[in-house]
Amino acid sequence: MTTATRRVAPAPEHTAAVRFPPGFTWGTATAAYQIEGAAREDGRTPSIWDTYSHTPGRVRNGDTGDVATDHYHRWREDVEIMADLGVSAYRFSLSWPRVQPTGRGPAVQKGLDFYRELTDALLEKGIEPVVTLYHWDLPQHLEDAGGWPERVTADRFADYATLAARALGDRVKTWTTLNEPWCSAFLGYGSGVHAPGRTDPVAALRAAHHLNLAHGKAVQALRAELPSYARASITLNIHHVRALTEAPEDVDAARRIDALANRVFTGPQLEGAYPQDLIEDTASLTDWSFVQDGDVADIHQPLDFLGVNYYTPTLVSAATGDASHNSDGHGVSEHSPWPGADQVAFHRPEGSTTAMGWAVDPSGLYDLLMRLKADFPSMPLMITENGAAFDDYVNPEGEVADPDRIAYLHGHLAAVQRAVVAGVDVRGYFLWSLLDNFEWGYGYSKRFGAVYVDYPTGRRIPKASARWYADVARTGTLPDAGAARR
């Protein structure tokens with residue numbers, strides 16, 4: 001993967017309605033801990049996020065995922081909502097501690113039955129189930145044994161993949177191993193703003209490697225159990241890193257962050273080697289001896305597509321004075337999620353922002369897709385997450401108007417369509433998220449959903465953006481930019 005890009009002018013936006021290719025997948029997405037609730041039911045044991053959210057001071061307002069949106073009990077209603085939206089696919093994650101409570105040994109059938117019933121209901125509605133094996137909910141038992149910094153966790157993950165494939169392989173044909181392993185490694189073990197909340201830069205690098213290894217071993221496990229037509233993938237939150245200026249020191253800062261954010265995963269997964277500049281940049285911290293003979297070969301497995309999550313670009317420069325890591329968009333901590341990058345400063349791009357403080361910049365998605373095409377020309381891509389949080393509320397008429405979200409989605413879908421026209425093999429788009437939900441360290445204070453959730457009652461109210469997205473999904477046509485603003 002090439003080094004990070006510099007700042008570029010935004011690609012021109014379409015003003016007329018445009019169509020997406022036939023067969024383009026229109027979906028929506030969620031994650032188990034963010035929506036399921038039922039934290040202590042049917043054999044489920046704590047995950048690292050249960051422990052983290054119950055630790056005072058970790059999550060805003062002391063929120064937890066104990067109930068979340070109660071999807072575990074209201075999933076039938078949520079499937080009906082998806083059917084009304086007209087989406088063709090639903091990307092959801094399995095709760096590892098619901099399926100295999102201690103991270104080892106046999107599966108809990110009640111946990112598997114929940115996912116069997118869910119997938120059956122989706123298929124009955126013509127909605128393809130897209131399963132993510134891991135969306136950050138490591139069983140606490142495995143964290144107590146060392147967590148992702150220890151290579152045995154990769155072996156346990158492969159065993160779990162085997163259990164899931166045997167249970168759901170007759171229903172599910174599209175599988176994702178990991179969601180955003182960068183967050184698991186560097187926010188979980190580096191800055192500590194995600195579970196398990198550890199702050200050790202070497203542990204973060206070790207975790208990144210063992211997540212890579214877990215991915216590779218899981219792909220092999222899936223291939224051994226699933227029919228030949230099944231598809232295996234991974235979802236990465238590829239950072240679109242831009243240098244603040246063209247000064248050599250700023251360009252080098254972007255290169256350094258690109259290695260830590262992106263190439264630490266794409267290197268071994270897609271190219272069969274860790275990038276040498278990453279190893280050199282972090283040499284003062286580790287000699288990378290945790291990478292054993294044969295590991296990279298295990299990691300470098302053929303994939304059917306690459307999942308891409310994008311929300312906002314990353315703008316960096318060389319630090320002048322004290323470097324700041326508090327503007328990288330990933331949460332505030334005294335500890336950096338960027339090992340070996342102490343002299344890199346992060347900047348907030350100009351322009352409008354979402355409720356997360358993230359810049360609204362569809363050109364970053366276009367540039368990112370073009371870069372991926374250049375670096376991996378034969379790899380099909382899927383936008384597995386894209387969306388925005390805004391300060392939504394129910395108006396006196398009982399409706400939720402969210403024109404800013406509609407404008408955000410329109411801009412980013414237009415960027416995807418421009419990339420497709422330019423020859424990028426993008427197969428589909430999954431809106432994040434189906435429902436307002438537990439937004440990790442922000443608790444319930446940030447609303448990403450196309451469907452508003454009244455948390456005290458659990459009532460679901462489709463927002464205006466849900467109806468807008470339903471029209472796009474049904475027709476495969478993105479309306480003109482003026483229609484998106486009306």
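Calculation notes
Residues numbered from 1 in each chain as written. Predicted model: local features only at pLDDT ≥ 70, side-chain atom pairs only at ≥ 80, totals over all residues. Heavy atoms only, no water. UniProt positions renumbered as here; feature names shortened; annotations may be inferred. Helix = DSSP H or I, 4+ residues; strand = E, 2+ residues; numbered from the N terminus. Buried < 20%, exposed > 50% of the residue type's maximum accessible area, 1.4 Å probe, protein only. Pairing = 2+ DSSP bridges. Right-handed = clockwise from strand over helix to strand, strands pointing away. Expected span 1.5 Å × (residues − 1). Bend = angle between axes of the 7 residues up to and from the residue. 1 Å grid on protein atoms, 1.4 Å probe; cavity = no way out; pocket = protein on both sides within 12 Å on 5 of 7 lines; lining within 4 Å. pLDDT = per-residue confidence, 0-100. Contact = heavy atoms within 4.5 Å. Axes fitted to C-alpha atoms, helices over the stretch in contact; angles between N-to-C directions. Core = buried A, V, L, I, M, F, W, Y, C linked by side-chain atoms within 4.5 Å. Salt bridge = Lys/Arg side-chain N within 4 Å of Asp/Glu carboxyl O. Phe/Tyr/Trp six-rings, centres within 6.5 Å; stacked < 30°, edge-to-face > 60°. Lys NZ or Arg CZ within 6 Å of the ring centre and 35° of its normal.

- The chain has the name Beta-glucosidase in an unreviewed UniProt entry, where Streptomyces apricus is given as its organism.
- Recorded in UniProt under Catalytic activity (unreviewed entry), the annotation for the chain is "Hydrolysis of terminal, non-reducing beta-D-glucosyl residues with release of beta-D-glucose."
- The annotation that UniProt attaches to the chain under Sequence similarities (unreviewed entry) is "Belongs to the glycosyl hydrolase 1 family."

1. Focus on the environment of Thr320
- By the element assignment, Thr320 lies in the loop between strand 10 (314-318) and strand 11 (344-347).
- Judged by relative accessible area, which is 74%, Thr320 ranks as exposed.
- As for Thr320 and Ala89, which are separated by 231 residues in sequence, their C-alpha atoms are 47 Å apart.

2. Concerning the pairing of strand 12 (residues 381-386)
- Burial analysis of strand 12 places six of its six residues in the buried class, the great majority of the element.
- As paired elements, strand 9 (residues 305-309) and strand 12 share four bridges and run parallel to each other. Each bridged residue has a counterpart across the sheet, and for Asn309 the counterpart in strand 12 is Glu385.
- Two elements, strand 12 and strand 13 (residues 426-432), share three bridges in a ladder whose sense is parallel. If you follow Leu381 over to strand 13, its bridge partner there is Val426.
- Between the parallel elements strand 12 and strand 13, the chain passes through helix 14 (residues 403-421) in a crossover that is right-handed.

3. A few points about helix 10 (residues 248-271)
- For helix 10, spanning 24 residues, the distance from its first C-alpha to its last is only 27 Å, which falls clearly below the expected 34 Å at 1.5 Å a residue.
- Most pronounced at Arg263, the bend in helix 10 amounts to some 60°.
- With 18 of 24 residues buried, helix 10 lies mostly within the body of the structure.
- Gly272 sits one or two positions beyond helix 10 and adopts a positive phi of about 85°.

4. Topic: the UniProt feature "binding site: substrate" (unreviewed entry) in the chain
- With numbering aligned to this structure, UniProt lists the feature "binding site: substrate" (unreviewed entry) at Gln34, His135, Asn179, Tyr311, Trp432, Glu439 and Trp440. Lining of the largest pocket among the annotated residues: Gln34, His135, Asn179, Tyr311, Trp432, Glu439 and Trp440.
- Relative to the assigned elements, Asn179 resides in strand 6 (residues 174-179).
- Tracing the backbone shows Glu439 in the loop between strand 13 and strand 14 (451-454).

5. Details of the confidence of the model for the chain
- Mean pLDDT over the chain: 95, with 95% of residues reaching 70 or higher.
- Within the model, the stretch residues 3-14 combines pLDDT values under 50 with 33 contacts to residues more than four positions away or in other chains.

6. Describing the environment of Gly65
- When you line up the elements, Gly65 lands in the loop between helix 2 (48-53) and helix 3 (71-85).
- For the pair Gly65 and Gly428, spaced 363 residues apart in sequence, the C-alpha to C-alpha distance is 29 Å.
- Excluding its chain neighbours within four sequence positions, the residues that come into contact with Gly65 are Tyr33, Gly37, Ser53, Phe438 and Tyr444.

7. Some thoughts on the UniProt feature "active site" (unreviewed entry) in the chain
- Here the UniProt feature "active site" (unreviewed entry) sits at Glu180 and Glu385. Spanning 206 residues, the named residues nonetheless gather at one spot, since no C-alpha pair among them exceeds 10.4 Å. Residues from the annotated list that form part of the lining of the largest pocket: Glu180 and Glu385.
- Within the secondary structure layout, Glu180 lies in the loop between strand 6 and helix 8 (181-191).
- Under the relative-accessibility criterion, Glu180 is labelled buried at 6%.
- Tracing the backbone through its elements, the reader meets Glu385 in strand 12.
- A relative accessible area of 4% means that Glu385 is categorised as buried.

8. Topic: the sheet that holds strand 5 (residues 128-134)
- With respect to topology, eight strands assemble into a closed barrel ordered 3-4-5-6-7-9-12-13, the strand pairing being parallel. Recorded for the sheet is a direction-independent mean angle of 25° between the axes of neighbouring strands.
- Pairing geometry for strand 6 and strand 7 (residues 231-236), over four bridges, is parallel. The residue of strand 7 that forms the bridge with Trp175 is Ala232.

9. What to know about the nonpolar core
- Of all hydrophobic cores here, the largest spans 156 residues; its most connected members are Trp49, Trp148, Phe157, Val416 and Tyr429.
- Top contributing element to this core by residue count: helix 9 (residues 201-225), with twelve residues.
- What Val416 contacts, discounting residues up to four positions off in sequence, is Phe20, Phe24, Leu365, Leu369, Ile383, Val426 and Tyr429.

10. Structural notes on the pattern of salt bridges
- Evaluation of the coordinates by the stated rule reveals 35 salt bridges.
- Ionic pairing is found between Arg198 and Glu143, a salt bridge with its closest N-O pair at 2.9 Å. One end of the pair, Arg198, is in the loop between helix 8 and helix 9; the other, Glu143, is in helix 6 (residues 140-144), and 55 residues separate them in sequence.
- For Lys217, the salt bridge goes to Asp155, with nearest N and O atoms at 3.4 Å. Linking Lys217 in helix 9 with Asp155 in helix 7 (residues 152-168), this pair joins segments that are 62 residues apart in sequence.
- Here the salt bridges share partners, and the residues they tie into one network are Asp252, Arg255, Arg256, Asp258, Arg263, Asp277, Asp281, Arg371 and Asp375.

11. Section: the packing of aromatic side chains
- Within this structure, the stated rule accounts for 35 aromatic pairs.
- Look at Trp49 and Trp440: their rings are 4.8 Å apart centre to centre, the planes differ by 50°, and that puts the pair in the tilted class. Of this pair, Trp49 sits in helix 2 while Trp440 sits in the loop between strand 13 and strand 14; the two residues are 391 residues apart in sequence, bridging distant segments of the chain. With respect to burial, Trp49 and Trp440 carry one shared label: buried.
- With a centroid separation of 6.1 Å and an interplanar angle of 65°, the aromatic rings of Trp148 and Phe157 are classed as edge-to-face.
- On the accessibility criterion, Phe157 (0% relative accessible area) is buried.
- Geometry around Tyr366 places Arg418 over its ring, the cationic atom sitting 5.6 Å from the centre.

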